[in-house]
Structures are given as structure tokens and as C-alpha cells.
Amino acid sequence: MSRIQGRFEALAKAKRKALIPYITAGDPHPSLTVPLMRALVEAGADILELGVPFSDPMADGPVIQRAGERALKFGVGLRDVLQLVTQFREKDKTTPVVLMGYANPVEAMGVENFIGAAKIAGVDGVIVVDYPPEECEPFAALAKKNDIDPVFLLAPTSTDKRIGEVARIGSGYLYYVSLRGVTGAANIDLSDVAAHIPQIRKATRLPIGVGFGIRDAESARRVAATADAVVIGSRIIQEIEGGRPEEAVRRVKNFLKPIRQALDASFSK
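The structure displayed is predicted, hence computed values, not measured ones.

## Quick notes on the pairing of strand β1 (residues 18–24)
Across the seven residues of β1, seven count as buried, placing the element largely inside the fold. Along β1, one buried face is formed by A18, I20, Y22 and T24 and the opposite face, lined by L19, P21 and I23, is buried too. Relative to strand β9 (residues 229–232), β1 is paired through four bridges, and the arrangement is parallel. Each bridged residue has a counterpart across the sheet, and for A18 the counterpart in β9 is A229. Note: β1 against strand β2 (residues 48–51), three bridges, orientation parallel. Paired with I23 across the bridge in β2 is L50. Regarding the hand of the β-α-β motif, the stretch spanning β1, helix α2 (residues 30–42) and β2 is right-handed.

Below you can see the structure in the form of C-alpha cells.
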């Protein structure tokens, strides 16, 4: 059983919803990435999504693009991100970590080299935004063979065929993108989420996480009414860039705590 599967099963038994925050590795400074990851866990995160900086991100809105640009100025690349995960694992052996990024850095490193290095570092899952499920079954199989869950995105426009394909080769959880656009582009359409999640559940038993547009405790709580996990990225990056770098750890921790409390108050028993 992967760490991700184990975490979702434990949460289900406790009737709790998963809280999955996203930060970009290297933002606002490489020395703060591991402290930020630990602060998010202390604030109630169940799984961490760690963004790999990339120069041409197709799914990221302006907020996360700026985070990637700040990290790239420090020269943070895929190998550096894996080293940061290694550092995180020195003290935290249990919190699942999912890398989120794009195909170019993975292809440049070599798929087999990347999967091998990710396993050694302690990575539990990987989202490669521009790997279409129809074309990357060998990648997904190699990841699973190395105890890494390949996580795929679904959108409001995803057909039944695409949902079935993602459900077949994905593992860990499915990531439902709630917006027709890039991250942080608009407020989440909660009625749209409520309409699509049952459609996805017909095709899979995997947990379903929802992201893109969740900005506060209320939207997180309403999404969690139908989903298994809420994913928050752009709003956390805004907390990081809204103050001095030395304030980042405190700011993200203070932001996430009330969301964890709201989820637990609404769903745990």
C-alpha cells in the first residue's frame, strides 16, 4: 500500500476529508521550502503537493507563474526539488509528497532516472500536467512499479472516455480541475463540482481531490461535501508573496489552520 492510499484509507475511517496544500519548491527561497512543508503539516495538511519550477507552465495562472519565476531565479530545477524532498524526509517519514510539474524536466532527466531518483528521495506521487493518459501508460506503469502513484487531471470538459482512461491507469487519487482555465483564474463553481463528482465516481473507486479556485474555509468545506480532498495552491502562494520571506512560514500556517478546523468541524466525528 502506498503512503497516499494509506493516508486516504485512514482519513475515510476517521470520516475526515484530506487537505492538500500546494507550494512551489524554491519559493520564496530554497532554504524555506522544507520549513514551509513542515509548517503545512503542522497546520493540518494530509498530503503535500510540491511544484517543480518550469519556465513555460501551461496550466498555471499568474500567481503560481510568479512563484515559479522566483524559484527559477535561484536556479531551482528538478534535481534540486528531489533533494528538498530528501531533506523533508529526514524528519517526516509519513506525510505523502506529490510532485507536480511538466514533462520537459522529466524528459530532460530521463523517465527512468527520474522515477528512480524520486523513489530514493521519498516521493509518493507525481502529476505531470502535460502527460496525456492515452500516451503515457508506460510511464504510469513504471511509476507504480516503484511505489509512486501517477496522478492525473480531469476537467469539467472531460468525456466519459477520458474519465475511464484516467481511472484505469491513475492511482493514489484523481485530481478534478474545477475551472475551465488556469490556476487562480476565478472563483470555484461549486454547483459544477457537485454535478461532475458523481459522474467521476461511476468510473473509479479512487479518492477524488478538487483544486483550482478554493480560496477559503467556506469554499473548502462546500467542496469537501462531495469530494474526498480539497487542493489549495494559488491562495497559499498569495500568502507567501504577500509578506517578507521570513514571514512566509508563519503566514501559510496561519492561513491553513482555520481551513483544517472548518473541515474537521463539518465532517469528522
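## Here's the deal with the environment of P96
Tracing the sequence through the fold places P96 in the loop between α4 (78–89) and β3 (97–101). Residue classification places P96 among the buried residues on the basis of a relative accessible area of 0%. Each C-alpha atom, one on P96 and one on S178, is 23 Å from the other, the two residues being 82 residues apart in sequence.

## Concerning the side chain of E239
Topologically, E239 is positioned in helix α11 (residues 234–241). A distance of 2.8 Å separates polar atoms of two side chains, one belonging to E239 and the other to R235. When near neighbours in sequence (up to four residues on either side) are disregarded, E239 contacts R251, V252 and F255.

Quick notes on the rules
- Residues numbered from 1 in each chain as written.
- Predicted model: local features only at pLDDT ≥ 70, side-chain atom pairs only at ≥ 80, totals over all residues.
- Heavy atoms only, no water.
- Buried < 20%, exposed > 50% of the residue type's maximum accessible area, 1.4 Å probe, protein only.
- Helix = DSSP H or I, 4+ residues; strand = E, 2+ residues; numbered from the N terminus.
- Pairing = 2+ DSSP bridges.
- Right-handed = clockwise from strand over helix to strand, strands pointing away.
- Polar contact = N/O pair within 3.5 Å; in protein donor to acceptor, adjacent residues only side chain to side chain.
- Contact = heavy atoms within 4.5 Å.

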